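Per-entry structural report
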Amino acid sequence: MIRFENVTKRYRGTAKPALNDVSFNVDRGDFVFLVGASGSGKSSCLRLIMREDVASSGQIHVLGHDLKRMSSRKVPYFRRQIGSVFQDFRLLSTKTVFQNVAFALQVTGASRALTHTNVERVLELVGLTGKEKRMPTELSGGEQQRVAIARAIVGDPKLLLADEPTGNLDPATSTEIMRLLARINATGTTVVMATHEAGFVDQMKRRVIELKFGELMRDEAHGGYGDTSAIPRLAPVKARGEASAEALSAMRKVQREVATGASAGATAATAATAATAAVVPAAEPEPQIAEEVIEVVVEGRAEPSVAEAAEAQTADEVAESLTTQADEVAADEEAAQNATSPRPLTRPIVIPEINVAELGVADRLGLSDFDDDDEVGPTS
Ligand code: ADP
Ligand code: MG
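Read on for an overview of the structure. None of these values were measured; they are calculated from a predicted model. (Residues numbered from 1 in each chain as written. Chains lettered and ligands numbered in written order. Predicted model: local features only at pLDDT ≥ 70, side-chain atom pairs only at ≥ 80, totals over all residues. Heavy atoms only, no water.)

Their axes nearest at 9 Å, the elements helix α3 (residues 97-106) and helix α4 (residues 112-125) cross at an angle of 125°. One element, α3, and the other, α4, form an angle in the oblique class. Considering the relative orientation of α3 and α4, their crossing is right-handed. Residues Val97, Phe98, Val101, Ala102, Leu105 and Gln106 of α3 lie in contact with α4, whose contacting residues are Leu114, Thr115, His116, Asn118, Val119, Glu120, Val122 and Leu123. Grouping the constituent residues of the contact of α3 with α4 by class yields 9 nonpolar, 4 polar and 1 charged. (Axes fitted to C-alpha atoms, helices over the stretch in contact; angles between N-to-C directions. Helix = DSSP H or I, 4+ residues; strand = E, 2+ residues; numbered from the N terminus. Parallel < 35°, antiparallel > 145°, perpendicular 65-115°, else oblique. Left-handed = near helix turned anticlockwise from the far one by under 90°. Contact = heavy atoms within 4.5 Å. Nonpolar A, V, L, I, M, F, W, Y, C, P; charged D, E, K, R; others polar.)

Okay, structure coming up:
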């Protein structure tokens, strides 16, 4: 999927190369952390993979293409097979959430119907259903990054590159983003993520490629961020399903820790943690929770009891419960008149888990091969 052979990258006017004789392979379905201190060459490496830049020497093959020999005319079509996510989100500030994601498909000439279906699908995957009409400024940092991830995957890319995607986010939000990337990887998308945050890397025990001053220091199948001598070796991974389950188990552990430390938000974080269990069959016995709980706020005049909220199991039941409650409120006119101001009604809504088998199937959606040279594609 990605092959670097003795790649050196020198920028004009700099004495030392940003990458020096770097060689590695990334296989289809891998989840790879690219780690190293600031200035070690991580972003340079990702830019070379996307062909935003070309190597000074050495060979780079990505998705079967020799990037040195690729004509600039072909580059836009090549890039459509690669999703990218950045530390600073890079959303279009004058466009809504929906438009930001749809844009990525519209430039490929996708029909309105296909665009709509796919945008809604990925917005659901990243947990932003219902926020389609928001502007980026009306979202939290974590939500903005989820829009950026939705945009990156809406075309069902074979490869997702993330350059410090959690760099601007707090730890709990970063965990959510990591969980999302692990889920995307579990659907078959190869993920390469540059980071200098040790916590995730140590916890996830996935492939780690470490750069230092532009040189490849380490390439480990189940590495941690720093010295890994104390980390027990895991058995070689035979199947990607096992690898995914392993990543998600590790993620759950991270999230449990975050949830424990976060006290007030701990319940929601724990619920979200448990939801990852449904993505792939777990290699070890894990509680299977097939539904994901998110909180929605509905304008109303009454609050549900905690017990009622906890009992709600499906969206239908919640809807029914809300209707019942509305009837009760309407019947109690006196209480309604006495209410001085509307109070928000917070309800858990249960969203069915995404069917992994239906995700990431670029071939089936006809989005994976863009050989139509007459089309005009994105240039970045
Ligand atoms: P990282 O992403 O790990 O922080 P970078 O790939 O951004 O590292 O940078 C690696 C080295 O290359 C650094 O010394 C940086 O200053 C240099 N560098 C990066 N981009 C350019 C550029 N466009 N022009 C000149 N030097 C650059
Ligand atoms: Mg960088």
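Phe33, Val101, Leu123, Ile149, Leu160, Met178 and Leu181 are the most contacted members of the largest nonpolar core, which has 41 residues in total. Of all the elements in the fold, those that place two or more residues in this core are β3 (31-35), α3, α4, α5 (141-153), β7 (159-163), α6 (171-186), β8 (190-195) and α7 (198-204). Core analysis: the second largest hydrophobic core is formed by 30 residues, Ile60, Leu63, Leu161 and Ile209 among them. (Core = buried A, V, L, I, M, F, W, Y, C linked by side-chain atoms within 4.5 Å. Buried < 20%, exposed > 50% of the residue type's maximum accessible area, 1.4 Å probe, protein only.)

Below, the discussion takes up the side chain of Arg146. Residue placement: Arg146 occurs in helix α5. We classify Arg146 as buried; its relative accessible area is 15%. Contact partners of Arg146, with chain neighbours within four places excluded, come to Val126, Gly127, Leu128, Glu176, Ile177 and Leu180.

Moving on, we come to the environment of Leu19. Within the secondary structure, Leu19 is located in strand β2 (residues 19-26). Leu19 gets classed as buried once you look at its relative accessible area, which sits at 0%. Contact partners of Leu19, with chain neighbours within four places excluded, come to Phe4, Val7, Thr8, Lys9, Gly41, Ser44, Cys45, Leu48, Leu211 and Gly214.

What follows concerns the sheet that holds β2. Pairing is antiparallel in the open sheet, where 4 strands are placed in the order β2-β1-β4-β5. Unpaired on one side and paired on the other, β2 and β5 (65-66) mark the two borders of the sheet. Direction of pairing for strand β1 (residues 2-9) relative to β2: antiparallel, over a ladder of 5 bridges. What sits directly across from Ile2, in β2, is Val26. Against the sheet, helix α1 (residues 42-49) contacts β1, β2 and β4 (57-62), and its axis sits at roughly 120° relative to β1. (Pairing = 2+ DSSP bridges.)

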